[in-house]
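So the chains spell out like this:
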Amino acid sequence: MTIILACLAPMVPFIALAPLIPPLGYLFLLTWRLVRPGLLPLWAGLPLGALDDLFSGQPFGNGIFLFSITLLTLETVEMRFPWRSFLLDWLTASIALAIYLYAGFLFSGAELTSIQLRLILPQLLLSIVLFPIIARMVALLDRFRLMRIRRVG
């Protein structure tokens with residue numbers, strides 16, 4: 001549910017001269033997958049990417065492809081490094097976010113210039129800085145998800 005709500009973030013009225021808001025849907029997908037590796041199935045990239053495509057403004061298929069490739073890649077990383085630290089997760093997320101933003105730029109059909117590529121840097125840096133905060137939020141939400149509910153009666 002948090003990934004779906006984060007995919008709706010582009011609907012918030014925010015005016016900026018350059019892309020600044022991080023791709024929150026992708027960031028939450030990445031964080032859920034890194035914090036709770038077995039929770040999301042591999043096929044979840046298709047519907048979540050489609051939902052992200054509907055609201056992000058990117059060409060349809062961009063989110064589907066990138067979300068699915070990310071889940072497959074993270075599964076491979078999980079098999080290769082089963083015992084990871086938070087720093088390795090942060091590095092993995094940083095690399096994935098950089099690839100996601102630049103691939104989204106290429107898929108959008110925009111003219112590829114060095115000035116255009118530098119405009120993505122603030123968005124990328126903000127995304128990388130936000131990862132630990134969102135990881136903490138996801139950990140708290142996961143603890144809430146696993147809480148037992150007592151029935152009084």
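Refer to the structure presented above.
Residues numbered from 1 in each chain as written. Predicted model: local features only at pLDDT ≥ 70, side-chain atom pairs only at ≥ 80, totals over all residues. Heavy atoms only, no water.

Draft legend 1. Region of interest: empty space enclosed by the protein. Under the defined criterion, the tally for this structure stands at one cavity of 30 Å³ or more. Looking at the largest cavity, its volume works out to about 30 Å³. In terms of lining, the largest cavity is formed by Arg33, Leu34, Leu74, Val77, Glu78 and Arg84. Listed by contribution, the elements that provide at least two residues to the lining of the largest cavity are α2 (24-35) and α4 (62-80). (1 Å grid on protein atoms, 1.4 Å probe; cavity = no way out; pocket = protein on both sides within 12 Å on 5 of 7 lines; lining within 4 Å. Points joined across faces, edges and corners; volume = space filled by probe spheres on them. Helix = DSSP H or I, 4+ residues; strand = E, 2+ residues; numbered from the N terminus.)

Draft legend 2. Representation of the packing of aromatic side chains in the model. Taken as a whole, this structure holds six aromatic pairs when the rule is applied. With 5.5 Å between their ring centres and 55° between their planes, Tyr26 and Phe67 make a pair best called tilted. In this pair, Tyr26 sits in helix α2 while Phe67 sits in helix α4, placing the two residues 41 residues apart along the sequence. Here Phe67 falls in the buried class, since its relative accessible area comes to 0%. With 5.9 Å between their ring centres and 45° between their planes, Phe86 and Trp90 make a pair best called tilted. Here Phe86 pairs with Trp90, and both are found in helix α5 (residues 86-107), just four residues apart, close to one helical turn. Put simply, the rings of Tyr26, Phe67 and Tyr100 touch in pairs and so form one group of aromatic residues. The residue whose ring lies beneath Arg80 is Phe81, and the NZ or CZ to ring-centre distance is 5.7 Å. (Phe/Tyr/Trp six-rings, centres within 6.5 Å; stacked < 30°, edge-to-face > 60°. Buried < 20%, exposed > 50% of the residue type's maximum accessible area, 1.4 Å probe, protein only. Lys NZ or Arg CZ within 6 Å of the ring centre and 35° of its normal.)

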